[in-house]
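In case you want the letters, here they are:
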Amino acid sequence: MKLKVVAYLIKEGYKETDIINRDKKAKRIDVDINGKRNSLYIKSARSKPKWSGIFTTHPNVDESIFFSESVCGMFIVEAHGRLIAFTFGHAKSLLLPVVIQRGFGLRVSLNLGDSEQIKSIDKATLNKVALKTRSQTSKNTNVSDFDFEFDHEILKSISAVVEADHDELEIVSGSDSVSLYTKVSLEELPQIATRIMSAYMSDKYLLNYPWIDFIQPVTDPDTIFNLNDNIIHRLNSQNYESIWIACPEIMDYDDFSGFVYTKRTKQGCSVCMHPELDLKSYVKETKFKLPTNVEILKRKQVYAYNSDEVEVKAWSLFRCFNVEVELDGDIFVLNDSQWYRLEKKFSDSVNEFFKRLPRSTIDFPPYGALTEGEYLRKIADGENFALLDQKWIYPQGTGTRIEFCDLLSQCDAFIHVKKYGASSVLSHLFSQATVATELLLNDNTVLSQVNSYLDDTYLSVVFDKNKSPRTHRVVLAIMHNKQGEVHLPFFSKVNLRHHSRRLQNMGFTVEITKINA
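Here is a short report on the structure shown in this document. (Residues numbered from 1 in each chain as written. Predicted model: local features only at pLDDT ≥ 70, side-chain atom pairs only at ≥ 80, totals over all residues. Heavy atoms only, no water.)

Okay, the nonpolar core next. As a rule of thumb, nonpolar side chains are buried together in soluble globular proteins. Of all hydrophobic cores here, the largest spans 40 residues; its most connected members are F404, L476 and I512. Counting residues per element, the ones that place at least two in this core are α9 (344-356), α11 (423-442), α12 (446-452), β24 (473-480), α13 (490-505) and β25 (509-516). For this core, the element with the most residues is α11, which contributes 8 residues. Residues within four places of L476 in sequence aside, it is in contact with H416, L429, F430, A433, L496, V510, E511, I512 and T513. By size, the runner-up hydrophobic cluster in this structure holds 33 residues, among which are I245, F256, V294 and V325. (Core = buried A, V, L, I, M, F, W, Y, C linked by side-chain atoms within 4.5 Å. Buried < 20%, exposed > 50% of the residue type's maximum accessible area, 1.4 Å probe, protein only. Helix = DSSP H or I, 4+ residues; strand = E, 2+ residues; numbered from the N terminus. Contact = heavy atoms within 4.5 Å.)

Direction of pairing for strand β2 (residues 27-33) relative to strand β3 (residues 36-47): antiparallel, over a ladder of 7 bridges. Bridging across to β3, V31 finds its partner in N38. Between β2 and β3, which pair antiparallel in sequence order, lie 2 residues; one of them, N34, sits at a positive phi of approximately 55 degrees. Relative to strand β4 (residues 68-79), β3 runs antiparallel, the two being bridged by 9 bridges. By the bridge assignment, Y41 is partnered in β4 with M74. (Pairing = 2+ DSSP bridges.)

Together, W51, I54 and F55 line one region of the surface with nonpolar side chains, adding up to about 360 Å² of accessible area. Within the element layout of this structure, W51 appears in the loop between β3 and β4. (Patch = residues over 30% accessible without salt bridge, like charges linked within 9 Å, V, L, I, M, F, W, Y side chains within 5 Å. Areas by Shrake-Rupley, 256 points an atom, 1.4 Å probe, with all protein chains shown as cover. Salt bridge = Lys/Arg side-chain N within 4 Å of Asp/Glu carboxyl O.)

By the secondary structure assignment, R341 is in strand β18 (residues 338-342). For R341, a relative accessible area of 19% puts it in the buried group. Leave out the neighbours within four places in its chain, and R341 touches D213, F214, I215, Q216, V218, D330, I331 and F332.

Across its 13 residues, α9 extends 18 Å between first and last C-alpha, which sits within 8% of the 18 Å expected from 1.5 Å per residue. When α9 is considered as a whole, its buried residues turn out to be F346, S347, V350, F353 and F354. For α9, the angular spread of the buried residues around the axis is 125 degrees, confining them to a single face. Every exposed residue of α9 that faces more than 90 degrees away from the buried side is listed here: K345, K355 and R356. For α9, the elements touching its buried residues are β11 (215-217), β17 (330-335), β18, α13 and β25. If you check the start of α9, you find a side-chain oxygen 3.0 Å away from the backbone N of K345, and it comes from E343. (Expected span 1.5 Å × (residues − 1). Arc of directions from axis to C-beta. Polar contact = N/O pair within 3.5 Å; in protein donor to acceptor, adjacent residues only side chain to side chain.)

Across all of its chains, the model carries 22 salt bridges by this definition. Close ionic contact of D222 with K11 constitutes a salt bridge, the shortest N to O distance being 3.9 Å. Within this pair, whereas D222 is found in helix α5 (residues 221-236), its partner K11 is found in the loop between β1 (2-9) and α1 (16-19), the two being separated by 211 residues in sequence. Looking at D222, the relative accessible area reads 40%, which means it is partly exposed. Through salt bridges with shared partners, one network takes in E16, R28, D30 and R37.

Ring pairs (aromatic) are described by centroid distance and by the angle formed between their planes. For the structure shown, the criterion picks out 17 aromatic pairs. Measuring from centroid to centroid gives 6.4 Å for F259 and W315, while their planes differ by 55 degrees, and the two rings are tilted. Taken together, the positions of F259 in strand β13 (residues 258-260) and W315 in strand β15 (residues 311-316) put the pair 56 residues apart, joining distant regions of the chain. With respect to class, F259 is no different from W315; both count as buried. A ring pair is formed by F318 and F321, whose centres lie 6.4 Å apart and whose planes are at 25 degrees; its orientation type is stacked. Following the ring pairs from residue to residue traces out a cluster consisting of F214, Y340, F346, F490 and F491. The ring of F318 has K298 lying over it, and the distance from NZ or CZ to the ring centre is 5.5 Å. Just above the ring of W392 sits the side chain of R401; from NZ or CZ to the centre is 3.9 Å. (Phe/Tyr/Trp six-rings, centres within 6.5 Å; stacked < 30°, edge-to-face > 60°. Lys NZ or Arg CZ within 6 Å of the ring centre and 35° of its normal.)

Another aspect to go through is the packing of α11 against α13. At their nearest, the axes of α11 and α13 sit 9 Å apart, and the two run at 5 degrees to each other. Classified by the interaxial angle, the pair formed by α11 and α13 is roughly parallel. On α13, the residues that touch S423, L426, S427, F430, S431, A433, T434, T437 and E438 of α11 are F491, S492, N495, L496, H499, R502 and L503. Residue classes in the contact of α11 with α13 are distributed as 6 nonpolar, 8 polar and 2 charged. (Axes fitted to C-alpha atoms, helices over the stretch in contact; angles between N-to-C directions. Parallel < 35°, antiparallel > 145°, perpendicular 65-115°, else oblique. Nonpolar A, V, L, I, M, F, W, Y, C, P; charged D, E, K, R; others polar.)

Our next topic: unusual backbone geometry. Across the junction of L290 and P291, the peptide omega takes the value 0 degrees, indicating a cis bond. By secondary structure assignment, the location of P291 is in the loop between α6 (279-285) and α7 (294-299). In the segment running from S468 into P469, the intervening peptide bond is cis, with an omega of 0 degrees. Looking at the element boundaries, P469 is found in the loop between α12 and β24.

Any link to function would need more than the numbers given here.
Right, here's the structure in full:
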């Protein structure tokens, strides 16, 4: 018969007796196939639906009619020296989570599936890690038709028709587990186990998806433990050079008075406000006790207060952490509480692009303790800089409004300014610059709307989209109190490269700069 079978790969070093969740009290049955011993685990349960409580209070309704019997099963097979667990029903709970090999199903699917007959993909963006999307097509196709951006999106799972030289239709999909719709019998299960294990061991997927290993979310508990332990060791050694904290969300700095590290104050005193987040200051002010651990970092809080000095947001200290770690020859990045492993050639290419990106020579005065909006209004004199912050443009047919840029300079620069923050914060800055520039090229009303805000200044935008080369340039300015060169989290560099290339393809020069405190 044809069924959808689901399989998990067990990590190396585990025996069958180590992987079973004993709390589930599943019954084990010996199953001999061609002289080889295998194990079948069966768990039955009797339950009733929650909604039955609506009716069981009535004297004419017998409660027993709502009970149903459910059965789940797990079949353990050995293939290529590893254990494979086939689960039926809700049998995943029979496995201890720590023994599951993460990413097994995705790699099997990439190797077994036909790269020209993909049915759907699940992906997650880096600038908003929580934003996960599933894309499906009405006709099987290749990955390019899914608008997958390999340099700033992560492939979570894939579903495709299996490559085959026979007429039997098979469909494979997977993330941690692999799901295979195929012809199944008891005798064929060991053969299927060998087949999917062979696919997992193959590097064939690199031919069709050479970018797949560039960025991988780390889900293996042992690796995460070691990476977190690396952070804790640095903190306990008071080595803060390669660890920094940043606001993990986009802030409205026009309604902002500061970040607060602790609400504990002396009698009669108000909380201490900080214009930016700084790890050394946090440790000193909160009297942070060392040694520490990850659970403490997750309990510690960072607060944001609005202009009325009222708390409006709070995050765990751990969520604010940005760390880059080299471990066993691999490069890992912590961003918004999630660890990622980076392929070294990819990380090197991103860092090299950032290094070569032109630095702006525009002279920006220090911002001191000013908010983003206060600073922009202070330096906009109508002669060197014209203020376009909060000056809204209404593109045709969109029903939305945008800021064209924050400042316009006399040297034909569209300047976008943002206070330093985590990757999601800075990617918003880069996206804003790209969207505004695309609208300038494609919407004839944008130029007149921009110039209408410049009547009281000495500046205006004279722009001919057909003229080449472009005389205007896009400047990305980041307000940051850290000493030295402009510094960005790795995933901000990834997004910067993505948007810079789009702007460069439109003919614009892209420059980056840091505005000092």
